[in-house]
Amino acid sequence: MKHARRKLVGGVFTSLTGLALALILSMLFLIVFDVVRGGAGTMSWAFLTTAPEEGMTRGGIFPALYGTALLTLLMTVAVMPVGVVTAIYLHEYAPKGSRFAAAVRVAVVNLAGVPSVVFGLFGLGFFVSFLGRSMDRLLGGGLVWGQPSVLWASLTLAVLTLPVVIVTTEEALRSVPASQRLASLALGATVSQTLRRVVLPAAAPGILTGAVLAVSRGAGEVAPILLTGAAYYLPELPKGLSSQFMHLGYHVYVLATQSPDVEATRPLLYGTVLALLGLTVALNLVAVLIRARVRRHGRADA
Amino acid sequence: MDARSLGSSFAPREAREAPGLGGPSRWRQRREKLVEAVVTLVAFLGIAALALILVFVAKEALPLFLDTEAMKEVSLSKLFLPQVVREGRPPAFVWQPVSEVPKVSLVPLLLGTLKTTVVALVLALPVGMASALFVAEFAPRRLRVWLKPVVELLAGIPSVVLGFFALMVLASALQALTGAPVRLNALVAGVGLALAIVPVVFTVSEDALSAVPSSYREASLALGATRWETAFKVVLPAATPGLVAASLLALGRAVGETMIVLMASGNAALVSASLFDSTRSMSATIAAEMGEVVVGSPHYSLLFLIGVLLFALTFVLNTAAAAWVRYLNRRVGVAT
């Protein structure tokens, strides 16, 4: 009798936890459903490949797509070498109990916790005001680098995504069995040769996951680029590294909050959100798939 | 044998620099040393980045405490104590940095951050932890493999999209539900924020719960406890360090999150305890006002000062979380 009551109470609470999960899943579904329903009508090849027209109440989002791609490309070029090499230091070179390695780890954890808008302030204070103005003073060609631009925005995002790359790369290095390193060293290869020819190729899929996650994160962040280079509207595509740029995420913010005619821009807004959401969800799915494959292969090797 | 730190622990330093080596071998040794030096140098960039963030955000805020012009407009008492805004009225907290006489009280912004953060945590902590408990303890194994990545997809949704969703969908739904006089308010922003932090709470909690040794569960079940009793009274307490870490991480994320609050809170810097009033957070203030500010003005420096406060707050939270987890791990004796 008493046991039956305990079982009943347990059943009720267990269902409550299941309900909590159902709540999260249904919110996720609701977001995706709303965006797809609202944006599907607008989404077309023309929408993706034409520029906004008539004060952004008509036309497409090509400049924003182009700007987002350029931004994340530059960011990836900047963040991958630094992130991967830092992870290599932490996992392959750092002596056991190294204080320096511990300090690097603490820094990385804290870097991951810094609010994105503070990264924006940092980009403005360091890259734009300090580096940019110093470059202008040295080169003497007037105001070129000392203002927000796609270069400074992408470098800011590179600092922001650095922890993502370091953590995923280290995980990838950890999944390479020690026996492979030992075999290579025993055959007379040096540590760096072992890294380049044995460890890194084996860890490549995991490192790729880090790159994909970083791109996904970088493509979706708006607060940092708001302060370091994103433009409300530009009639032309960015011409060089010192140009400002349009960005999908910022475009969503602009259309959602600064539009003079909300009803007229509503389809455009939903279309833009669908493009951004599609991009980031696709990237995340790719990362999940690579990861699942790596885990399966990793187990087979071990 | 531990395969970590190959470069320095596999062989003593003298052995790696054997003196009798000929030309090519010596060249190889030098190259190895050079690679190690470069790798170490690059690893230093992580520390440098964190230091540069603090230095350069603080540097732009510094004029507030040094420049005599700026000190007239901004002082500690003006930032945190009530000020007489209009003759004959009681002193009040007002944030109006671009009026004839700038009013720079940070209290409305601190309150805005507090309100939205509390709403988000009250919603996200129980829901996220309960879901983690379900996935870790009750879900069938085959389902579990799928559930975690799906919930983590929510974490991959950009915050501007969550802000858009809060602005377009949640705001209307919540207004219909609560009858709030203004559409965009602290409650809407808080619910939007909850969507952003619930995956953080879920993932970290689920990792902590899964890391509890199964011998704990087996012992509890063998003593006649039901599955719920085992999960709630044995597994959950053993995972406390991870759950605390999840809460602190979520708190840090909620305090710093910008776009959702910027889009869904209404952005009026009011001093009000009501969740149905429009509100303005610290992070949203930076994002909203940095575009129009005169570079180098006291207002510009003030926005950087808010940034320093946000940085300090999240830094303390992260450090506290790490220290607390280490302490509890030692006490509970479970590796998470």
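A quick note: this is a predicted structure, and the numbers were derived from the prediction, not measured.

## Quick look at the overall build of chain A
Then, in step 1: Scanning chain A from terminus to terminus reveals 11 helices and two strands.
Then, in step 2: Reading the helices (α) and strands (β) of chain A from amino to carboxyl end gives α-α-β-β-α-α-α-α-α-α-α-α-α.
Then, in step 3: Along the first, second and third principal axes, the C-alpha set of chain A runs to 75 × 65 × 35 Å.
Then, in step 4: By residue count, 49% of the 302 residues in chain A fall in the buried class.
Then, in step 5: A sequence separation of at least 24 residues applies to 77% of the contacts in chain A between residues at least 6 apart.

## Here we look at the overall build of chain B
Then, in step 1: The helix and strand tally for chain B stands at 16 helices and two strands.
Then, in step 2: In terms of C-alpha radius of gyration, chain B reaches 26 Å, well past the compact-globule figure of 20 Å for 336 residues.
Then, in step 3: If one aligns the C-alpha atoms of chain B with their principal axes, the spans along those axes are about 85 × 65 × 35 Å.
Then, in step 4: For chain B, the residues scored as buried account for 46% of the 336 residues in total.
Then, in step 5: Pairs at least 24 residues apart make up 74% of the contacts formed inside chain B by residues separated by at least 6 positions.

## Considerations on the packing of helix α4 (residues 99–113) of chain A against helix α6 (residues 150–174) of chain A
Geometry of a packed helix pair, given as the angle between the helix axes and the separation of the axes.
Residue and element names in this part refer to chain A.
Then, in step 1: Two elements in contact, α4 and α6, have axes separated by 8 Å at closest approach and are oriented at 130°. Relative to α6, the element α4 lies oblique. Both α4 and α6 take part in a crossing whose hand is left-handed. Listed contacts from α6 to Val 108, Leu 111 and Ala 112 of α4 are Leu 162, Pro 163 and Ile 166.
Then, in step 2: Classifying every residue of the contact of α4 with α6 by side-chain character gives six nonpolar, no polar and no charged.

## Things to note about the interface of chain A and chain B
Size of an interface: often given as the accessible area lost when the parts come together.
Then, in step 1: The partner chain B presents 72 residues to the 73 residues of chain A that form the contact.
Then, in step 2: Among the elements that take part in the side of chain A that touches chain B, helix α1 (residues 2–39) of chain A stands out by supplying 17 residues, more than any other.
Then, in step 3: Tallied by class, residues from the side of chain A that touches chain B come to 49 nonpolar, 18 polar and six charged.

## With respect to unusual backbone geometry
Residues and elements named next belong to chain B.
Then, in step 1: With phi around 60°, Asn 267 is a residue other than glycine that occupies positive phi space.
Then, in step 2: By the element assignment, Asn 267 lies in the loop between α14 (259–264) and α15 (282–289).
Then, in step 3: The class for Asn 267 is buried, based on 20 C-beta atoms found within 10 Å.

## What to know about the environment of Val 204 of chain B
All names here are of chain B.
Then, in step 1: Here Val 204 shows up in helix α10 (residues 186–210).
Then, in step 2: According to the C-beta neighbour criterion, Val 204 is buried, with 24 such atoms within 10 Å.
Then, in step 3: Sequence separation of Val 204 and Arg 280 is 76 residues, and the distance between their C-alpha atoms is 29 Å.
Then, in step 4: Discounting residues that sit within four places of it in the chain, Val 204 has contacts with Gly 242, Ala 245, Ala 246 and Leu 249.

## Structural notes on the nonpolar core
Then, in step 1: Val 252 of chain A together with Ala 166, Ile 197, Val 201 and Ala 250 of chain B are the most contacted members of the largest nonpolar core, which has 191 residues in total.
Then, in step 2: Sorting elements by how many residues they give to this core places α10 of chain B first, with 17 residues.
Then, in step 3: Apart from residues lying up to four places away in sequence, Ala 166 of chain B is in contact with Ala 171, Val 188, Ala 189, Val 191, Gly 192, Ile 260, Met 263 and Ala 264 of chain B.

## Focus on α15 of chain B
Then, in step 1: Within α15 of chain B, six of the eight residues are buried, which leaves the element mostly enclosed by the surrounding structure.
Then, in step 2: Those residues of α15 of chain B that sit buried are Met 282, Ser 283, Ala 284, Thr 285, Ile 286 and Ala 287 of chain B.

## Observations regarding the environment of Gly 67 of chain A
Then, in step 1: Counting through the fold element by element, Gly 67 of chain A comes out in helix α3 (residues 62–93).
Then, in step 2: C-alpha of Gly 67 of chain A to C-alpha of Asp 261 of chain A: the two residues are 194 residues apart in sequence and 25 Å apart in space.

## Comments concerning the confidence of the model for chain B
Residue and element names in this part refer to chain B.
Then, in step 1: For chain B, the mean per-residue pLDDT works out to 86, and 92% of the residues sit at or above 70.
Then, in step 2: Within the model, pLDDT remains below 50 along residues 1–15, and this stretch shows 21 contacts once partners closer than five positions in the same chain are excluded.
Then, in step 3: Complex prediction metrics read pTM 0.89 and ipTM 0.91.

## Quick look at the packing of α1 of chain A against helix α12 (residues 227–238) of chain B
Then, in step 1: Here α1 of chain A crosses α12 of chain B at 65°, and the two axes come no closer than 8 Å. Listed contacts from α12 of chain B to Gly 10, Phe 13 and Thr 14 of chain A of α1 of chain A are Arg 227, Trp 228 and Glu 229 of chain B.
Then, in step 2: Residue classes in the contact of α1 of chain A with α12 of chain B are distributed as two nonpolar, two polar and two charged.

## Describing the environment of Val 169 of chain B
All names here are of chain B.
Then, in step 1: Tracing the chain through its elements places Val 169 in helix α9 (residues 159–178).
Then, in step 2: The class for Val 169 is partly exposed, based on 16 C-beta atoms found within 10 Å.
Then, in step 3: On a C-alpha basis, the gap between Val 169 and Val 188 in space is 10.0 Å, while along the polypeptide they are 19 residues apart.

Conventions adopted
- Residues numbered from 1 in each chain as written.
- Chains lettered and ligands numbered in written order.
- Predicted model: local features only at pLDDT ≥ 70, side-chain atom pairs only at ≥ 80, totals over all residues.
- Helix = DSSP H or I, 4+ residues; strand = E, 2+ residues; numbered from the N terminus.
- Buried ≥ 20, exposed ≤ 12 C-beta atoms within 10 Å, placed from the backbone.
- Contact = placed C-beta atoms within 7 Å.
- Rg over C-alpha atoms; globule rule 2.2 N^0.38 Å.
- Axes fitted to C-alpha atoms, helices over the stretch in contact; angles between N-to-C directions.
- Parallel < 35°, antiparallel > 145°, perpendicular 65-115°, else oblique.
- Left-handed = near helix turned anticlockwise from the far one by under 90°.
- Nonpolar A, V, L, I, M, F, W, Y, C, P; charged D, E, K, R; others polar.
- Core = buried A, V, L, I, M, F, W, Y, C linked by C-beta atoms within 7 Å.
- pLDDT = per-residue confidence, 0-100.

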